Amino acid sequence: MHYLLSHRTTYTYASTVDSAHHIAHLRARDFPGQKVSAIGIVTSPLPALAVQHVDHFGNLIDIYRIDKPHTRFDIEVRAEVDVSFPEPPPAASTPAWEDIRESLFGDGFPVPVEASEFIHDSPLVPSVEALRDYGAQSFTAGRPILEAARELTSRIKADFEYHPGATDISTPLGDVFAGKAGVCQDFAHVQIAALRAHGLAAGYVSGYIRTIHSREEIALRGADASHAWVAVWCGEAAGWVHLDPTNDLIAHEDHVAVAWGRDFSDVSPLRGVILGGDSHSYGVAVTLVPTG
């Protein structure tokens, strides 16, 4: 599926910002199943310094320094992206999850070294005992990893209410689980915690989703097309499989990935430090247009 993407963020400040530094995770990345054919970012005001960088996880980031006094900051990315995530193998044919766990630990020398760093707690996904127990209902002895992970994905969709405003980024994960409500980033964190509690590698993926699937006339849940989901390591043969617990899907052609890391804190679309500004308001406008 070929997409035209636009993502515009606007910050309006109560008083003048004298200087600002921003870091943006807004550039969709290339990987097997996704190809970015064109991409560009425009800011207003124009930055005094603009640098592109690749972070620890291979994400493309932009760093801006703005020295001009301003009361508004606009940043927009426009891109053309082709998406067709590879189909994973049949879930029942994947290795037992205990075998995957053993390979990720490997007596201190894990075979999939890159994947092994995703088994540990992270700032927004700490250990939560209740989520270990929740995941254990799917990860029974000897069960194929993708079969168990797919069931967990389905259970999260069924058990949690999609409720914008029920949480924010500061809501502790334990409170999200207890309240059984939230948005896509919450559901991704819930699934990641349940997977890591079983010694499995799970990463957080930020991106976009085509919220109306025109061919089947179904509405997918996502906040103005911005979205988040989970990548779970299923062994050398299957690799990373992208699962969407908000919609109970395996990502294929409705998802556009921008960046991934341990949790939202690694891939927030825009963050920075400003001098001045007082209070602020912001708005986000995303369009994701399929063109065939």
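Throughout what follows, the structure given in this document is the object of discussion. Owing to the predicted nature of the structure, the values given are computational and were not obtained by experimental measurement.

## Some thoughts on the overall build of the chain
From N to C terminus, the chain includes seven helices and 16 strands. A compact globule built from 292 residues would reach a C-alpha radius of gyration of about 19 Å, and the chain, at 20 Å, matches this within 12%. Viewed in the frame of its principal axes, the chain has a C-alpha envelope of about 60 × 40 × 40 Å. By the burial criterion, 50% of the 292 residues in the chain qualify as buried. Taking all contacts inside the chain whose residues are at least 6 apart in sequence as the whole, residues at least 24 apart take part in 75%. Surface accessibility of the chain: about 13,000 Å² in total, with carbon and sulfur atoms responsible for 56%. Of the side-chain charges in the chain, 21 are positive and 37 negative, and the distance between the mean point of each set is 4 Å.

## Here's the deal with helix H4 (residues 145-159)
A rise of 1.5 Å per residue sets the reference length of H4, with its 15 residues, at 21 Å; its end C-alpha atoms lie 21 Å apart and thus fit the reference within 8%. Looking only at H4, the buried set comprises Ile 145, Leu 146, Ala 148, Ala 149, Leu 152, Thr 153, Arg 155 and Ile 156. Buried-residue contacts for H4 involve helix H1 (97-105), helix H3 (129-136), helix H6 (184-196), strand E11 (226-233), strand E12 (240-244) and strand E13 (249-250).

## As for the nonpolar core
Ranked by size, the top nonpolar core spans 80 residues in total, and within it Ile 75, Leu 131, Phe 139, Ile 145, Leu 195, Tyr 208 and Val 232 carry the most contacts. For this core, the element with the most residues is H6, which contributes eight residues.

## Regarding the environment of His 25
Note on placement: His 25 falls in the loop between strand E1 (2-24) and strand E2 (34-44). By relative accessible area, His 25 is classed as buried at 4%. Remark: the alpha-carbon pair of His 25 and Pro 269, spanning 244 residues in sequence, is separated by 4.6 Å. Setting aside anything within four residues of it in sequence, one finds His 25 in contact with Asp 55, Asn 59, Leu 60, Ile 61, Val 258, Ala 259, Asp 266, Val 267, Ser 268, Pro 269 and Arg 271. Polar side-chain contacts of His 25 include one of 3.1 Å to the side chain of Asp 55. Among the polar contacts made by the side chain of His 25, one reaches the main-chain carbonyl oxygen of Ser 268 at a distance of 3.4 Å.

Conventions we followed
Residues numbered from 1 in each chain as written. Predicted model: local features only at pLDDT ≥ 70, side-chain atom pairs only at ≥ 80, totals over all residues. Heavy atoms only, no water. Helix = DSSP H or I, 4+ residues; strand = E, 2+ residues; numbered from the N terminus. Rg over C-alpha atoms; globule rule 2.2 N^0.38 Å. Buried < 20%, exposed > 50% of the residue type's maximum accessible area, 1.4 Å probe, protein only. Contact = heavy atoms within 4.5 Å. Areas by Shrake-Rupley, 256 points an atom, 1.4 Å probe, with all protein chains shown as cover. Lys, Arg positive; Asp, Glu negative; His and termini not counted. Charge placed at Lys NZ, Arg CZ, Asp CG, Glu CD. Expected span 1.5 Å × (residues − 1). Core = buried A, V, L, I, M, F, W, Y, C linked by side-chain atoms within 4.5 Å. Polar contact = N/O pair within 3.5 Å; in protein donor to acceptor, adjacent residues only side chain to side chain.

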